[in-house]
Amino acid sequence: MIARITSFAKKENQIVDWLNIVGVYDIGYLENLKGLISDVGREELDRLLRQLEILLRKYPEALNEENILKRSRALIEYVKDRNLTLNNCYSYINGQKGEIYEDTKIGEVNRSIYGIRVFHNLTLGGDDIVITGYDSTTSGNIWQKNQLNLRLVKDKLVYVNMLHANIYRTVFYSADCLEHIRPNILTKHL
């Protein structure tokens, strides 16, 4: 994990058309959490939470108020200077050369890259933590995106929602479903 501001706009541009061609599912209620979707949700949630754990191991003070405000200001300046949108920019990056793994299901070698944005949210009275992961083939084509949205309120992390998207489907998980899948976030670090 590196404390470096990065834009993932090029990655987002690759997946902008997915919502036009894939099914969109909203897993907003526990009774809808079934079979494969819950397994995929658990696996992706664990991968994203692992990135938060890596961040907190390397930067134990990353979620203290002073650091969040400092990183938020730096992110705003970065976005303004480069005429970018905040949604595509992250305060921390992991796997900049791509964590390499082999997908045993399709026999393809893939790369994963993660960004974490920690941002002070004046409107909602807390700090937003967005963890986004992109999986791509070795040729650089994005085939999957996962994003976990958390909120830090009074030293307590809570789920907001999670997105799992690929060329075949986009699934949104509510806070209730995430709490059901993995009730404990990384409270030991707070």
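First, a word on scope: everything that follows refers to the structure included in this document. Keep in mind it's a predicted model, so treat the numbers as computed, not measured.

### Quick notes on the packing of aromatic side chains
Then step 1. Enumeration according to the criterion identifies three aromatic pairs in this entry.
Then step 2. Measuring from centroid to centroid gives 5.3 Å for F8 and Y134, while their planes differ by 90°, and the two rings are edge-to-face. Placement of F8 in the loop between β1 (6-7) and α1 (9-15) and of Y134 in strand β6 (residues 126-137) is noted, with a sequence separation of 126 residues between them.
Then step 3. Taking relative accessible area as the criterion, F8 reaches 3% and is therefore assigned buried.
Then step 4. By relative accessible area, which is 1% here, Y134 ends up buried.
Then step 5. With a centroid separation of 5.6 Å and an interplanar angle of 45°, the aromatic rings of Y59 and Y92 are classed as tilted. Here Y59 is found in the loop between α3 (35-58) and α4 (65-82), whereas its partner Y92 is found in strand β4 (residues 92-103), with 33 residues between them in sequence.
Then step 6. The partly exposed category is assigned to Y59, whose relative accessible area is 25%.
Then step 7. Each residue in the set F8, Y90 and Y134 is aromatic and connected to the rest through ring pairs, giving one cluster.
Then step 8. Geometry around Y92 places R71 over its ring, the cationic atom sitting 4.8 Å from the centre.

Cut-off values and rules
One numbering rule holds for all chains: residues counted from 1, following each sequence as written. With pLDDT at 70 or above as the cut-off, local features in this predicted model cover only qualifying residues; side-chain atom pairs require 80 or more to be listed or tallied, and sums for whole chains, interfaces and linings still use all residues. Side-chain figures throughout are based on the complete set of non-hydrogen atoms in the structure, without hydrogens or water. Working definition: a ring pair exists when centres of Phe, Tyr or Trp rings (six-membered ring for Trp) sit within 6.5 Å. Plane angles under 30 degrees give stacked, over 60 give edge-to-face, the rest tilted. Secondary structure elements are defined from DSSP: runs of H or I of at least 4 residues count as helices, runs of E of at least 2 residues count as strands, and each element is numbered from the N terminus. Exposure categories follow from relative accessible area, calculated using a 1.4 Å probe and restricted to protein chains: below 20% of the type maximum is buried, above 50% is exposed, and the middle band is partly exposed. By definition here, charges over rings are those cases where NZ of Lys or CZ of Arg is within 6 Å of the ring centre and within 35 degrees of the ring normal.

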